[in-house]
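Observations on the model geometry
Here's the letter readout for the chains.
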Amino acid sequence: MTELSRRDLFKFGSLAAIGAAGAGALASCAPEGGSGTAAGSSADAGTGEVGTAAGHRREGLPSFLQAPEPITDIAETKDYEIVVVGAGSPGVPCALKAFQDGANVALVTRESAASAFGNTGSGIDLDNSDPVDVANLVSFLMQANQYRPDRKQIEAWAYNSGEAVKWLIDYAQSAGAQVEDQGNAQAAPLIAKQGYNITFVTSFFGPKPYTTGEGMKDILTKAESEGLEVFYSTPAEQLVTDETGRVTGVICTASDGSHIQFNASKGVVVATGDYQSDTEMLQYYQPDMTNFGPKQANRNGDGHKMIVWAGGKIEDIAHTKMLHDFDGGPASMCDMPFLRTKMNGERFCNETFAMSIMNCYLRSAEDQGHYCQVFDSAYMEKGANFPGRLWDPEELKVYMPEEDVERVGVFSDQIRTFKADTLEELAEKLEITDVDTFVQTVADYNAIAEAGADTQFGVPAESLTTIDTPPFYGIHRHVRMSSICGGGVDVNEKQQCLTPEGEVIEGLYAIGNCAGRFYGGIDYPLDVPGLNLGHNYTQGYMVGRDLAAM
């Protein structure tokens, strides 16, 4: 490696620079009114080659991982046993479980209310499941994630999720939330395909527009009435460590701009979500996401950064992303092998491929995640053997903006299903940019379907259906980032944060999409419906339970 000047070192970022140069100038900076050192100073920067302090084998760190100056103007100090950062689907269960088990807990969040998304969360009822099949499901999920996860992470979900999800449903119902246990209803295709003897516990917060986010708000309303302390609009800025490197608290900014240090004698749990809202982080770790819009706001990677400043490591590149559209048309029809076209009217893929990987085909500035599914009025008969559930023409009207029906179970501003008497008219409604190409694509596809031989993309004959019976239907789907569900920090099976060398950072935990090593594929596997929310609930429940018992 070329010899570097001190100035060059600091250009790479303070963590890498301090690790390489051994600088100790910040070590004595302790916050006024509190104890310990703000993480990011040399007390916790670690040692090693330039560029490896956060696990990156590069010269230097990207600018978003450069540690800020330690915050020293502490206006107030509060003492707790456990501090949970982030009031989402992992953070709320974590704080609630620890509080129920007798711990002194503070839940802090940058938002003015609880914030989460999605509807379904899955768990396994171990008492009514074959242990061999549960172990096989863990292996199945390892395969679905390209064998990259830490198996212990998936096992922790598999063997704790039934208890966690059932507990959450019970409490949410007592709080008046719109939630039910759908059991095996959503997992039926997986069970049938794999032959599993597994009973699922499946929380469903809904119907839309009610979501898990609304459920978390209802849960916190009840929990706060019982004494759980929640600090809204109080973003976390830096972790605090002692002379051993143990994390002992977190510094937050109050609504008036002053700083509050929340001390945590047992541990700080970071549950701040992913980094999709931070353009620099997204382009660094997910350059193929440049042309996709985010579905969520304020997912800035704040927790990732604080943990790295405290000596942690972001998991290896190849972060798993979740890009879906369950709202333009029925979710149960998104994977059906109806003709798919880009917005220029061209067919572009094998239609048996899952919707969850459509983003891989639609990454360009022209596509930006848009595509259409096309079928005709005989779809109920032609698609009778397709995977999933077909919505009949009357049911489908709820997704059709031109129909005057009551909108239940949908986001009215996202429905994009249309019907037309001609293909040309349908193309206009779907916003196809080249109508002639679209009409020719349908004609070519019909010839393929009639011949039963797809020489273009190889769709099996049984999955080919002609589009020749008017009126014609189309769903304009737009896949966008629901989350970067893989791409958190390295943790062990207890959710303790790890250094690049694999050592535990005492007192520091990460859960949910801020934590890594649960996924590994380039796209989120939809094989187990509600896996991500289920794993969020479970990790929160486990850490809250275990910390309270310390």
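About the cut-offs
Residues numbered from 1 in each chain as written. Predicted model: local features only at pLDDT ≥ 70, side-chain atom pairs only at ≥ 80, totals over all residues. Heavy atoms only, no water. pLDDT = per-residue confidence, 0-100. Contact = heavy atoms within 4.5 Å. Helix = DSSP H or I, 4+ residues; strand = E, 2+ residues; numbered from the N terminus. Expected span 1.5 Å × (residues − 1). Phe/Tyr/Trp six-rings, centres within 6.5 Å; stacked < 30°, edge-to-face > 60°. Buried < 20%, exposed > 50% of the residue type's maximum accessible area, 1.4 Å probe, protein only. Lys NZ or Arg CZ within 6 Å of the ring centre and 35° of its normal. Pairing = 2+ DSSP bridges. Axes fitted to C-alpha atoms, helices over the stretch in contact; angles between N-to-C directions. Polar contact = N/O pair within 3.5 Å; in protein donor to acceptor, adjacent residues only side chain to side chain. Parallel < 35°, antiparallel > 145°, perpendicular 65-115°, else oblique. Left-handed = near helix turned anticlockwise from the far one by under 90°. Nonpolar A, V, L, I, M, F, W, Y, C, P; charged D, E, K, R; others polar. Salt bridge = Lys/Arg side-chain N within 4 Å of Asp/Glu carboxyl O. Core = buried A, V, L, I, M, F, W, Y, C linked by side-chain atoms within 4.5 Å.

1. Some words on the confidence of the model for the chain
Of the residues in the chain, 89% have a pLDDT of 70 or more, and the chain-wide mean is 90. Low confidence marks residues 1-34, where pLDDT is under 50. Its contacts with residues over four positions away, or in another chain, come to 72 contacts.

2. Focus: helix α5 (residues 151-174)
In this model α5 runs 34 Å from its N-terminal to its C-terminal C-alpha over 24 residues, within 8% of the 34 Å that 1.5 Å per residue would give. Downstream of α5 by a residue or two, Gly-176 has a phi angle that is positive, lying close to 85°.

3. As for the packing of aromatic side chains
In the structure shown here, the tally under the stated rule is 19 aromatic pairs. Ring geometry for Tyr-275 and Tyr-285: centres 5.6 Å apart, planes at 45°, overall tilted. Linking Tyr-275 in the loop between β10 (259-270) and α8 (279-285) with Tyr-285 in helix α8, this pair joins segments that are 10 residues apart in sequence. Here Tyr-275 and Tyr-285 have matching classes, each one buried. Ring centres of Phe-375 and Tyr-379 lie 5.0 Å apart, and the angle between their planes is 65°; this geometry places the pair in the edge-to-face category. Through pairs of rings, three or more aromatic residues link up here, namely Phe-338, Phe-375, Tyr-379, Phe-386 and Tyr-473. Lying across the ring of Tyr-171, Lys-222 places its NZ or CZ 5.5 Å from the centre.

4. Examining unusual backbone geometry
The peptide bond linking Gly-206 to Pro-207 adopts the cis configuration, its omega dihedral lying at 5°. Within the secondary structure, Pro-207 is located in the loop between β6 (200-205) and α7 (212-225). Residue Pro-209 is bonded to the preceding Lys-208 through a cis peptide linkage, with omega at 10°. Its place among the elements puts Pro-209 in the loop between β6 and α7.

5. Topic: the sheet that holds β6
Pairing in this open sheet of three strands is antiparallel, and the strands run β4-β6-β5 from one edge to the other. Edge positions in the sheet fall to β4 (120-124) and β5 (179-181), since each has one partner strand and no second. Within the sheet, the average angular offset between the axes of one strand and its neighbour, ignoring direction, is 15°. Contacts from α5 reach β4, β5 and β6, with the element oriented near 130° to β4. Where helix α14 (residues 531-548) meets the sheet, it contacts β4 and β6, and its direction lies at approximately 65° from that of β4.

6. Some remarks on the environment of Ser-115
Take Ser-115: it is sitting in the loop between β3 (105-108) and β4. With 24 residues separating them in the primary sequence, Ser-115 and Gly-91 have C-alpha atoms 10.0 Å apart. Every residue in contact with Ser-115, bar those within four places of it in the chain, is listed here: Ala-87, Gly-88, Ser-89 and Arg-299. Side-chain polar atoms of Ser-115 contact the side chain of Arg-299, separated by 3.4 Å.

7. Concerning the packing of helix α3 (residues 91-100) against α14
It is the contact of α3 with α14, at a shortest axis distance of 7 Å, that shows an interaxial angle of 30°. By the criterion of interaxial angle, the relationship of α3 to α14 is roughly parallel. At the point where α3 passes α14, the crossing takes the right-handed sense. Residues Pro-93, Cys-94, Lys-97 and Ala-98 of α3 lie in contact with α14, whose contacting residues are Tyr-537, Gly-540, Tyr-541, Val-543, Gly-544, Arg-545 and Ala-548. Of the residues in the contact of α3 with α14, the class split is seven nonpolar, two polar and two charged.

8. Here we look at the pairing of strand β2 (residues 74-85)
Taken together, the 10 bridges between β2 and β10 define a ladder with parallel strand orientation. When the sheet's bridge partners are listed, Asp-79 is paired in β10 with Asn-263. Here β2 pairs with β3 via four bridges, running parallel. Bridge pairing in β3 links Val-83 to Ala-106.

9. Regarding the sheet that holds strand β13 (residues 370-376)
Pairing is antiparallel across the open sheet formed by four strands, whose spatial order is β12-β13-β15-β14. In this open sheet, the two strands that pair with only one neighbour each are β12 (339-341) and β14 (417-420). Taking the axes of each pair of neighbouring strands and ignoring which way they run, one obtains an average angle of 25° across the sheet. Helix α12 (residues 423-430) rests against β13, β14 and β15 (472-478) of the sheet, and its axis sits at about 155° to β14. Docked against the sheet, helix α13 (residues 435-451) engages β12 and β13, running at close to 150° with respect to β12.

10. Remarks on the packing of α3 against α7
The N-to-C vectors of α3 and α7 enclose an angle of 25°; their axes lie 11 Å apart at closest approach. Judged on the interaxial angle alone, α7 and α3 are roughly parallel. Classified by chirality, the crossing of α7 by α3 is left-handed. In this structure, α3 contributes Val-92, Pro-93, Leu-96 and Phe-99 to the contact, and α7 contributes Met-216, Ile-219, Leu-220 and Ala-223. Taken together, the residues of the contact of α3 with α7 sort by class into eight nonpolar, no polar and no charged.

11. Structural notes on the pattern of salt bridges
Within the structure shown, the criterion is met by 24 salt bridges. A salt bridge links Lys-313 to Asp-490, with the shortest nitrogen-to-oxygen separation between them at 3.1 Å. Of this pair, Lys-313 sits in the loop between α9 (302-309) and β11 (322-324) while Asp-490 sits in the loop between β16 (480-483) and β17 (496-498), and the two are 177 residues apart along the sequence. Among the residues examined, Lys-313 registers a relative accessible area of 7% and is labelled buried.

12. Remarks on the nonpolar core
Core analysis: the biggest nonpolar cluster contains 52 residues, and Val-83, Leu-239, Val-250, Phe-262, Ile-307, Cys-497 and Leu-508 have the highest contact counts within it. Those elements that provide at least two residues to this core are β2, β3, β8 (236-241), β9 (247-253), β10, α8, α9 and β18 (504-510). Examining the composition of this core, we find that five residues originate from one element, β10, more than from any other. Among all residues touching Cys-497, those that are not within four sequence positions of it are Ile-307, Val-489, Asp-490, Val-491, Glu-503, Val-504, Ile-505, Leu-508, Tyr-509 and Ala-510. Listed in part, the 41 residues of the second largest apolar core include Ala-95, Val-165, Leu-228 and Ile-511.

13. Topic: helix α4 (residues 131-144)
Compared with the 20 Å implied by 1.5 Å per residue over 14 residues, the 20 Å span of α4 between its first and last C-alpha is a close match. All of the buried residues along α4 are Asp-133, Val-134, Leu-137, Val-138, Phe-140, Leu-141, Met-142 and Ala-144. One side-chain oxygen at the N-terminal end of α4 lies 2.8 Å from the backbone nitrogen of Val-132; it belongs to Asp-130. Immediately downstream of α4, the backbone of Gln-146 shows phi near 55°, a positive value.

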